[in-house]
Amino acid sequence: MQSPISSSCKKGEQDVTQTRQEAKGIDLLTPPHSSAETETKSVTKPLNSTASSPNHHDYYHQAHLSKAQFNSILVNCATNLLKILYFKQNHHTCDTKQVKQFIIEILKRSKTSIQSLQLACFYIYKLIITNNANLPIKCQHLFLGLVIIASKFNQDYNYSFKSWCKIIGLNEEPKHIKHLREVEIQVLSLLNYELGLMGEKYENWCNVLFIFGYDFIKYQIIKQNSSNGDIFSNDIIWDLDVSSYSSKLIKWWQFFQDLKIDNLRIVRIRFESYFTQQLNEKVFIVQDATKKRCRDDDDDVTVTLFNNIKKIKV
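Residues numbered from 1 in each chain as written. Predicted model: local features only at pLDDT ≥ 70, side-chain atom pairs only at ≥ 80, totals over all residues. Heavy atoms only, no water.

For the protein chain, the name recorded in an unreviewed UniProt entry is Cyclin N-terminal domain-containing protein, with Candida parapsilosis as its organism.

(A) Here's a closer look at the pattern of salt bridges. Per the stated rule, a full pass over the model turns up nine salt bridges. Close ionic contact of Lys108 with Glu105 constitutes a salt bridge, the shortest N to O distance being 3.3 Å. In this pair, Lys108 and Glu105 are both assigned in helix H3 (residues 96-110), three residues apart and thus about one turn of the helix distant. A salt bridge links Lys166 to Glu172, with the nearest nitrogen and oxygen atoms 3.2 Å apart. Note on Lys166: relative accessible area 57%, which makes it exposed. (Salt bridge = Lys/Arg side-chain N within 4 Å of Asp/Glu carboxyl O. Helix = DSSP H or I, 4+ residues; strand = E, 2+ residues; numbered from the N terminus. Buried < 20%, exposed > 50% of the residue type's maximum accessible area, 1.4 Å probe, protein only.)

(B) Main features of the pairing of strand S3 (residues 231-238). By the bridge criterion, seven bridges tie strand S2 (residues 217-224) to S3 in an arrangement that is antiparallel. Pairing of Lys223 across the sheet is with Ser233, part of S3. (Pairing = 2+ DSSP bridges.)

(C) Here's a closer look at the packing of helix H2 (residues 67-85) against helix H9 (residues 242-258). Remark: H2 packs on H9, axes separated minimally by 10 Å, with the N-to-C direction vectors making an angle of 75°. The angle between the axes of H2 and H9 places the two elements in the roughly perpendicular class. Across from Asn80, Leu81, Lys83 and Ile84 in H2, the residues of H9 making contact are Tyr245, Leu249, Trp252, Trp253 and Phe256. For the contact of H2 with H9, the residue count by class is seven nonpolar, one polar and one charged. (Axes fitted to C-alpha atoms, helices over the stretch in contact; angles between N-to-C directions. Parallel < 35°, antiparallel > 145°, perpendicular 65-115°, else oblique. Contact = heavy atoms within 4.5 Å. Nonpolar A, V, L, I, M, F, W, Y, C, P; charged D, E, K, R; others polar.)

(D) Summary view of helix H4 (residues 114-128). With 15 residues, H4 extends 21 Å between its outermost C-alpha atoms, agreeing within 8% with the 21 Å of an ideal straight helix rising 1.5 Å per residue. Counting buried residues along H4, 14 of its 15 residues qualify, which places the element largely inside the surrounding structure. (Expected span 1.5 Å × (residues − 1).)

(E) The side chain of Asn55, seen in detail. By secondary structure assignment, the location of Asn55 is in the loop between strand S1 (36-38) and H2. Overall, Asn55 belongs to the buried group, its relative accessible area being 18%. Separated by 2.6 Å, the side chains of Asn55 and Ser53 make a polar contact. (Polar contact = N/O pair within 3.5 Å; in protein donor to acceptor, adjacent residues only side chain to side chain.)

(F) Local environment of H2. With 19 residues, H2 should reach 27 Å at 1.5 Å per residue; the first-to-last C-alpha distance of 27 Å fits that figure. Buried residues dominate H2, accounting for 14 of its 19 residues.

(G) Layout of the sheet that holds S3. Read from one edge of the open sheet, three strands run S3-S2-S5, paired in mixed fashion. Each edge of the sheet is formed by a strand with only one pairing partner; in this case those strands are S3 and strand S5 (283-287). The mean angle between the axes of side-by-side strands here comes to 15°, regardless of whether they run parallel or antiparallel. Pairing geometry for S2 and S5, over five bridges, is parallel. Among the inter-strand pairings, Gln224 is bridged to a residue of S5, identified as Gln287.

(H) The arrangement of the packing of H3 against helix H5 (residues 139-154) in detail. The interhelical angle for the contact between H3 and H5, taken along N-to-C directions, is 25°, at an axis separation of 10 Å. Here H5 runs roughly parallel to H3, going by the angle between their axes. The chirality of how H3 crosses H5 is right-handed. Contacts between H3 and H5 involve Gln98, Val99, Phe102, Ile103, Ile106 and Leu107 on the former and, on the latter, Cys139, Gln140, Phe143 and Leu144. Per-class residue counts for the contact of H3 with H5 are eight nonpolar, two polar and no charged. (Left-handed = near helix turned anticlockwise from the far one by under 90°.)

Below, the structure is given as structure tokens:
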């Protein structure tokens, strides 16, 4: 089974070169507040399982994220995508707190790979654009089914249904195994058995997904040592305002409705461009305010970030 970053996925990418060239100059849909580059080269550099691959946090090195922060953003991506999917459902709802806790537990217990999580998020996007107003499955069950399918597609060796029963805290009774099989079949049917996401299409999706996740961050404060440029602190503050959160969900629901899957093979979208646009808007790089002592003509001078601020006389 090929993984999304398999080198064998390079075959077939050259087939879309002509499509990319024809699309040059056409206004194609891109994520809100981001820029896109139309790829015109016939040969794409193959992806590999290193920091240069979008399943690694160092791929987004501009943001100086730790692995924990990277994982947290992806978990929020999955949660918010499910919120969008179940936004207009008639029979099932999606409680943010409960779903997020469920996602974290499933990912932790099953040791699901980042690639599989990104793939599961792509499947949620595919369900969003089908406009299915009556999903026959609960939110948590749907995500479990998506993780099972994504893991099977992405890896040659995977858990049996008996193992998945243990992961979710059920005993290995035949009725529980039967239920998991039914969930898997339901999800496959909803996806029309179309599971492929490989090569540049996978990379573009990962960039769209991470831009989506970053949009729900209110501020990021990166503290940098002014002497050597090292990053010693990186704080992320999430946007917890209910009104802002709801408006972003609606905005992205509309974006996903308009986004055509084939565009992921034509338009080159990079998180780097989005991050650059957010500097001094959402992302702030702050120099170290530690005082330094220096001597000038035998006089001590204290240099700080605030030495240009005049004192107010009282």
